[in-house]
Amino acid sequence: MKFAVIGKDVSKSSSPEMHSFIAGRLGAEIIYDKISVPENEFCNRVNGLFKEYDGLNFTIPFKLTVIPYLKEIAGDAKAFGAVNTVITDSLIGYNTDGLGFELMLKNNGVDACGKKVLIIGAGGAGRSVAKKLLDGGAEVYIYDRTLSRAESVAAEFMGVNAVSKIDLTPYYAVINASGVGMHDTVGISPVGAEILSFCEVAVDLIYEPETSEFLKIAKGLGKKTVNGRAMLFYQAYYAECIYLDLQPNAEVAKALFEEYIGGNR
């Protein structure tokens, strides 16, 4: 079977290694490519990619862009309004980000139930994270440089609060879902020490670099930090279960991640 991750710049993506490792442990042999597509070329290339691959994973900035090209969206993709996994023969889109995020928090001892959480970034990942946190009983606030994007998430998910600016307010956790800190923004944090000093936990969905500027600042303040590699791995695990038509198991996912990390330190 042949799969790929599609994004604006996936040159440093760990997805091929992760998916190949997971599929192998689940008893399948796959080919997994990474394909960078400029935003202005997406509409001309997406249908050709559907024909070339058995399944595709979509990342920044195509999790919403791909939806009009699909016949159906299912599961969390329907609730989140964002897709990261597509079965190409049926053109059904799924979203495994939320499940991956949920398992990452659980396995890192982060419990946001009943607590205030700030999400920075209202794109596909931010939407998924907001919905999962809301469903888990958190008090969710979301900020985006484009206020209308944050307001769109708040309008869709009753209980999520859009904020036009980030005040110096205590939050249990601050989550970077913006993508700031990777690629051409390496060394930049979406917020500074003045904001992070008020939180207990800093979660960065970025996994490369391993310690982003955002996490570096938080660590310097003595905060608990969580890097997004576990979320990437777990969402890849859930995606492979969809591709291979297998029932996912959280304990299996955790054991596979520990094995993977052990061999990739």
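In this report, the structure presented in the accompanying data block is examined. Please read these numbers as outputs of a predicted model, since none were measured by experiment.

About the criteria used
Residues numbered from 1 in each chain as written. Predicted model: local features only at pLDDT ≥ 70, side-chain atom pairs only at ≥ 80, totals over all residues. Heavy atoms only, no water. Core = buried A, V, L, I, M, F, W, Y, C linked by side-chain atoms within 4.5 Å. Buried < 20%, exposed > 50% of the residue type's maximum accessible area, 1.4 Å probe, protein only. Helix = DSSP H or I, 4+ residues; strand = E, 2+ residues; numbered from the N terminus. Contact = heavy atoms within 4.5 Å. Pairing = 2+ DSSP bridges. Axes fitted to C-alpha atoms, helices over the stretch in contact; angles between N-to-C directions. 1 Å grid on protein atoms, 1.4 Å probe; cavity = no way out; pocket = protein on both sides within 12 Å on 5 of 7 lines; lining within 4 Å. Points joined across faces, edges and corners; volume = space filled by probe spheres on them. Nonpolar A, V, L, I, M, F, W, Y, C, P; charged D, E, K, R; others polar. Phe/Tyr/Trp six-rings, centres within 6.5 Å; stacked < 30°, edge-to-face > 60°. Lys NZ or Arg CZ within 6 Å of the ring centre and 35° of its normal. Expected span 1.5 Å × (residues − 1). Parallel < 35°, antiparallel > 145°, perpendicular 65-115°, else oblique. Left-handed = near helix turned anticlockwise from the far one by under 90°.

Description of the nonpolar core
Inside soluble globular proteins, nonpolar side chains tend to come together where they are buried.
Alright, step 1. In this structure, Phe101, Met104, Leu133, Leu205 and Phe233 are the most contacted members of the largest nonpolar core, which totals 47 residues.
Alright, step 2. Here this core gets 9 residues from one element, more than from any other, and that element is helix H9 (residues 229–244).
Alright, step 3. The residues touching phenylalanine 101, leaving out its near neighbours within four places in the chain, are Val129, Lys132, Leu133, Ile175, Leu205 and Met231.
Alright, step 4. Formed by 18 residues, the second largest nonpolar core is a distinct cluster that contains Leu49, Leu56, Phe58 and Phe62.

Looking at the sheet that holds strand E2 (residues 31–36)
Strand pairing in a sheet is mediated by backbone hydrogen bonds. Such pairs are either parallel or antiparallel.
Alright, step 1. Spatially, E2-E1-E3-E5-E6-E4 is the arrangement adopted by the 6 strands of the open sheet, whose pairing is mixed. For this open sheet the edge positions go to E2 and strand E4 (72–73), each flanked by a neighbour on one side alone.
Alright, step 2. As judged from the 2 bridges shared by E4 and strand E6 (residues 92–94), these two strands associate in the parallel manner. Counterpart to glutamate 72 in the pairing with E6 is isoleucine 92.
Alright, step 3. Those strands touched by helix H1 (residues 15–25) are strand E1 (2–7), E2 and strand E3 (55–58), and its axis lies near 160 degrees from that of E2.

Considering the layout of surface pockets
To find leftover empty space, a probe the size of one water molecule is rolled over the atoms.
Alright, step 1. When its volume is computed, the second largest pocket comes out at roughly 540 Å³.
Alright, step 2. Looking at the second largest pocket, it is lined by 21 residues, and the ones nearest its centre are Glu210, Asn227, Arg229, Phe257 and Ile261.
Alright, step 3. Secondary structure elements with two or more residues in the lining of the second largest pocket: helix H8 (213–220), strand E12 (224–227), H9 and helix H10 (250–263).
Alright, step 4. Its residues assigned to classes, the lining of the second largest pocket shows 7 nonpolar, 8 polar and 6 charged.

Re the packing of aromatic side chains
Alright, step 1. Here the structure, examined in full by the defined rule, presents 12 aromatic pairs.
Alright, step 2. A ring pair is formed by phenylalanine 42 and tyrosine 69, whose centres lie 5.8 Å apart and whose planes are at 75 degrees; its orientation type is edge-to-face. Here phenylalanine 42 is found in helix H2 (residues 42–52), whereas its partner tyrosine 69 is found in the loop between E3 and E4, with 27 residues between them in sequence.
Alright, step 3. Of the aromatic side chains, those joined through ring pairs into one cluster are Phe21, Phe233, Tyr234, Phe257 and Tyr260.
Alright, step 4. Looking at lysine 116, its charged tip hangs above the ring of tyrosine 141, at a distance of 5.3 Å from the centre.

Things to note about the pairing of strand E8 (residues 139–143)
Alright, step 1. Within E8, 4 of the 5 residues are buried, leaving the element largely enclosed by the surrounding structure.
Alright, step 2. Sheet topology note: the strand E7 (residues 116–120)/E8 ladder contains 5 bridges and is parallel. Within the sheet, the bridge partner assigned to leucine 118 lies in E8 and is tyrosine 141.
Alright, step 3. Sheet analysis places E8 next to strand E9 (residues 161–163), joined by 3 bridges and oriented parallel.

Remarks on the sheet that holds strand E11 (residues 199–204)
Alright, step 1. The strand order E9-E8-E7-E10-E11-E12 describes an open sheet built from 6 strands, whose pairing is parallel. Edge positions in the open sheet fall to E9 and E12, since each of these has one partner strand only. Looking at each pair of strands side by side, their axes are set apart by 20 degrees on average, direction ignored.
Alright, step 2. Pairing between E11 and E12: 4 bridges, direction parallel. Across the sheet, residue alanine 202 finds its bridge partner in E12, namely threonine 225.
Alright, step 3. Across the sheet, H8 is in contact with strand E10 (171–176), E11 and E12; its angle to E11 comes to roughly 155 degrees.

So, helix H5 (residues 124–135)
Alright, step 1. With 12 residues, H5 ought to run about 16 Å at 1.5 Å a step, and its terminal C-alpha atoms sit 17 Å apart, in line with that.
Alright, step 2. With respect to burial, H5 is a largely interior element, 10 of its 12 residues being buried.
Alright, step 3. Looking at H5, one finds that the buried residues are Gly124, Ala125, Gly126, Arg127, Ser128, Val129, Ala130, Lys131, Lys132 and Leu133.
Alright, step 4. The positive-phi residue at the C-terminal boundary of H5 is glycine 137, with phi of around 90 degrees.

What about the packing of H1 against H10?
Alright, step 1. Close contact between H1 and H10 brings their axes to 11 Å; oriented N to C, the two are set at 125 degrees. Comparing their axes, H10 and H1 come out oblique. Where H1 crosses over H10, the handedness of that crossing is right-handed. Together, Glu17, Met18, Phe21 and Arg25 of H1 and Leu256, Glu259 and Tyr260 of H10 make up the contact between the two elements.
Alright, step 2. For the contact of H1 with H10, the class distribution of residues is 4 nonpolar, no polar and 3 charged.

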